[in-house]
Protein chains: 2
Amino acid sequence: MAASPKGRGSDPNARQRLIEATARVMRDEGYAAATSRRVAAEAGVKQALVYYYFPTMDDLFVEVLRAGGESALEHMRAALTNDDPLHALWLINNDASRTGLNTEFMALANHRKAIRVELRAYAERVRDIETAAVTVALRANGVDLDEHPPVVISMLIAQVARSLCNEVAVGVTLGHDEMRAYVERQLKLLAPVTGG
Amino acid sequence: MAASPKGRGSDPNARQRLIEATARVMRDEGYAAATSRRVAAEAGVKQALVYYYFPTMDDLFVEVLRAGGESALEHMRAALTNDDPLHALWLINNDASRTGLNTEFMALANHRKAIRVELRAYAERVRDIETAAVTVALRANGVDLDEHPPVVISMLIAQVARSLCNEVAVGVTLGHDEMRAYVERQLKLLAPVTGG
DNA sequence: GTCTATAGCTCGATAGAC
DNA sequence: GTCTATCGAGCTATAGAC
């Protein structure tokens with residue numbers, strides 16, 4: 001339970017706290033709210049300390065993307081090797097806190113070159129992993145991979161899930177129930193549950 | 001060719017120029033770059049004039065959304081009543097300048113209530129129009145509307161197209177060719193060309 | 001209707017004490 | 001490693017001349 005004063009459980013060093021605080025602020029209030037003063041307050045340190053650990057705010061953002069990306073990739077690798085990878089892919093991309101942060105980085109990347117480079121590399125690693133998992137699942141179920149290319153199926157599942165999350169974030173839910181039912185139906189067609 | 005000095009062709013009134021300038025800056029450099037000084041310069045007027053026409057910057061953003069939204073809806077209604085509505089829907093949502101501006105508004109809406117309310121109303125009008133067009137197209141081609149609900153098909157087409165545009169904007173194109181080929185194939189299955 | 005000028009604020013980033 | 005203090009810039013918004 002009790003974390004030591006300088007342990008790495010709930011009270012890690014300031015650098016790590018700054019990275020986590022920045023991710024939290026970006027997710028909850030948008031990247032525009034992630035100023036040096038705001039994230040410092042969130043991490044319980046003073047503003048100037050941000051520039052001790054990170055030369056510029058862009059460097060901090062890149063670090064948030066790297067750290068969060070590694071953890072997300074790890075989570076993804078684990079989830080995509082279970083019984084029902086297609087369903088796992090759908091669930092992962094329906095996680096609002098994950099997709100919300102990702103959306104903020106997409107917006108940031110649109111006008112910050114350093115972020116764009118990093119995000120692009122990350123997005124392609126994600127796609128590779130997701131596509132590999134889908135390839136295994138489709139092949140195991142005898143699906144024709146020419147008619148249903150794994151990269152296409154993985155993009156469809158991931159992007160539709162993220163789009164729904166983005167819409168929910170602004171209050172749009174029209175058609176969502178129908179879409180979720182439709183996706184469940186299609187997933188069962190592609191990979192009927194066999195693990196029973 | 002020559003527009004009159006105060007005509008409404010290429011040199012409309014200042015208010016209209018401010019709205020168009022704001023849309024341009026948002027699309028090209030992101031909403032964070034759309035400051036009162038920046039959009040005033042782009043429109044060829046001084047900063048204070050922005051506040052003569054719009055009480056706050058949020059009011060200006062809402063006006064950009066309303067004006068651009070009306071014009072987009074008009075364009076959409078026209079395109080969706082032609083021979084091949086499904087394909088038209090796909091093409092409209094592949095227009096990078098349209099989807100780029102829409103993405104900026106989604107990002108803005110995440111932490112500005114006034115924008116969120118307006119965007120939500122607009123998004124639902126768009127979905128209604130798109131769904132109506134898809135309904136007509138599917139019914140005309142004898143598609144089972146229970147198996148393929150129009151609202152789902154319209155969301156799939158529109159959201160996949162927008163997702164591709166968003167990815168292109170940050171330099172990600174992995175799997176895009178396969179996806180575009182796949183979509184063309186699926187659209188032909190749902191609505192084979194009959195107008196020849 | 002358009003301008004100049006400015007108040008009041010927040011930002012990124014730096015200097016330097018401890 | 002963390003702090004206080006501050007600079008210079010850019011922002012929204014307002015006041016008031018023309």
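Here the structure is shown first, and the text comes after it.
What this report covers is the structure whose coordinates are included nearby. (Residues numbered from 1 in each chain as written. Chains lettered and ligands numbered in written order. Predicted model: local features only at pLDDT ≥ 70, side-chain atom pairs only at ≥ 80, totals over all residues. Heavy atoms only, no water.)

Some words on the nonpolar core
- Membership of the largest hydrophobic core comes to 127 residues, with the highest contact counts inside it found for L86 and F105 of chain A together with L86 and F105 of chain B.
- In contact with L86 of chain A, not counting residues within four places along its chain, are V134, A137, L138, I157, L187, L190 and A191 of chain A. (Core = buried A, V, L, I, M, F, W, Y, C linked by side-chain atoms within 4.5 Å. Buried < 20%, exposed > 50% of the residue type's maximum accessible area, 1.4 Å probe, protein only. Contact = heavy atoms within 4.5 Å.)

Notes on the pattern of salt bridges
All names here are of chain B.
- All told, the structure shown has 26 salt bridges over all chains when counted by the stated rule.
- For the salt bridge of R24 with E42, the shortest nitrogen-to-oxygen distance reads 3.0 Å. Of the two residues, R24 is situated in helix α1 (residues 14-29) and E42 in helix α2 (residues 36-43); the sequence distance between them amounts to 18 residues.
- Since its relative accessible area comes to 32%, E42 is described here as partly exposed.
- Between R38 and E29 there is a salt bridge, and its shortest N-O distance comes to 2.4 Å. (Salt bridge = Lys/Arg side-chain N within 4 Å of Asp/Glu carboxyl O. Helix = DSSP H or I, 4+ residues; strand = E, 2+ residues; numbered from the N terminus.)

Let's talk about the packing of helix α5 (residues 85-92) of chain B against helix α8 (residues 150-169) of chain B
Residues and elements named next belong to chain B.
- Axis separation between α5 and α8 bottoms out at 8 Å; the angle between their running directions is 30°. The angle between the axes of α5 and α8 places the two elements in the roughly parallel class. Of the two elements, α5 crosses α8, and the hand of that crossing is right-handed. Contacts between α5 and α8 pair L86, L89 and W90 from the former with S154, I157, V160, A161 and L164 from the latter.
- A per-class count over the contact of α5 with α8 returns seven nonpolar, one polar and no charged. (Axes fitted to C-alpha atoms, helices over the stretch in contact; angles between N-to-C directions. Parallel < 35°, antiparallel > 145°, perpendicular 65-115°, else oblique. Left-handed = near helix turned anticlockwise from the far one by under 90°. Nonpolar A, V, L, I, M, F, W, Y, C, P; charged D, E, K, R; others polar.)

Some points on the side chain of E104 of chain B
- Mapped onto the fold, E104 of chain B is located in helix α6 (residues 96-109).
- For the buried E104 of chain B, no salt bridge exists, and the shortest N-O distance to an oppositely charged side chain is 10.0 Å, to R116 of chain A.
- With near-sequence residues (within four places) excluded, E104 of chain B lies in contact with N110 of chain A together with M26, G30 and Y31 of chain B. (Lys, Arg positive; Asp, Glu negative; His and termini not counted.)

A word on the environment of R38 of chain A
Residue and element names in this part refer to chain A.
- With respect to the helices and strands, the residue R38 is situated in helix α2 (residues 36-43).
- Judged by its relative accessible area of 26%, R38 is partly exposed.
- The spacing of R38 and T22 is 16 residues in sequence and 8.5 Å in space, taken between C-alpha atoms.
- Not counting residues up to four positions away in its chain, the partners in contact with R38 are V25, E29 and A33.

Description of the environment of I115 of chain A
All names here are of chain A.
- Considering the arrangement of structural elements, one finds I115 in helix α7 (residues 113-140).
- I115 sits in the buried class, given a relative accessible area of 0%.
- Sequence-wise, I115 and V62 are 53 residues apart; in three dimensions their C-alpha atoms are separated by 6.0 Å.
- Apart from the residues lying within four places of it in its own chain, the contact partners of I115 are D58, F61, V62, L65, F105, L108 and A109.

A look at the protein's contact with DNA strand C
- Around DNA strand C sit 15 residues, and of these S36, Q47 and Y51 of chain A together with Y52 and Y53 of chain B come closest.
- If you look at DNA strand C and keep only atoms within 4 Å of the protein, 57% of those are sugar or phosphate atoms.
- Between DNA strand C and T35 of chain A there is a distance of 3.3 Å, counted from a phosphate oxygen to a side-chain nitrogen or oxygen.
- R37 of chain A places a side-chain nitrogen or oxygen 3.0 Å from a base nitrogen of DNA strand C.
- Of all elements in the fold, only α2 and α3 (47-53) of chain A together with α3 (47-53) of chain B reach the threshold of two or more residues within the surface near DNA strand C. (Near = heavy atom within 4 Å. Polar contact = N/O pair within 3.5 Å; in protein donor to acceptor, adjacent residues only side chain to side chain.)

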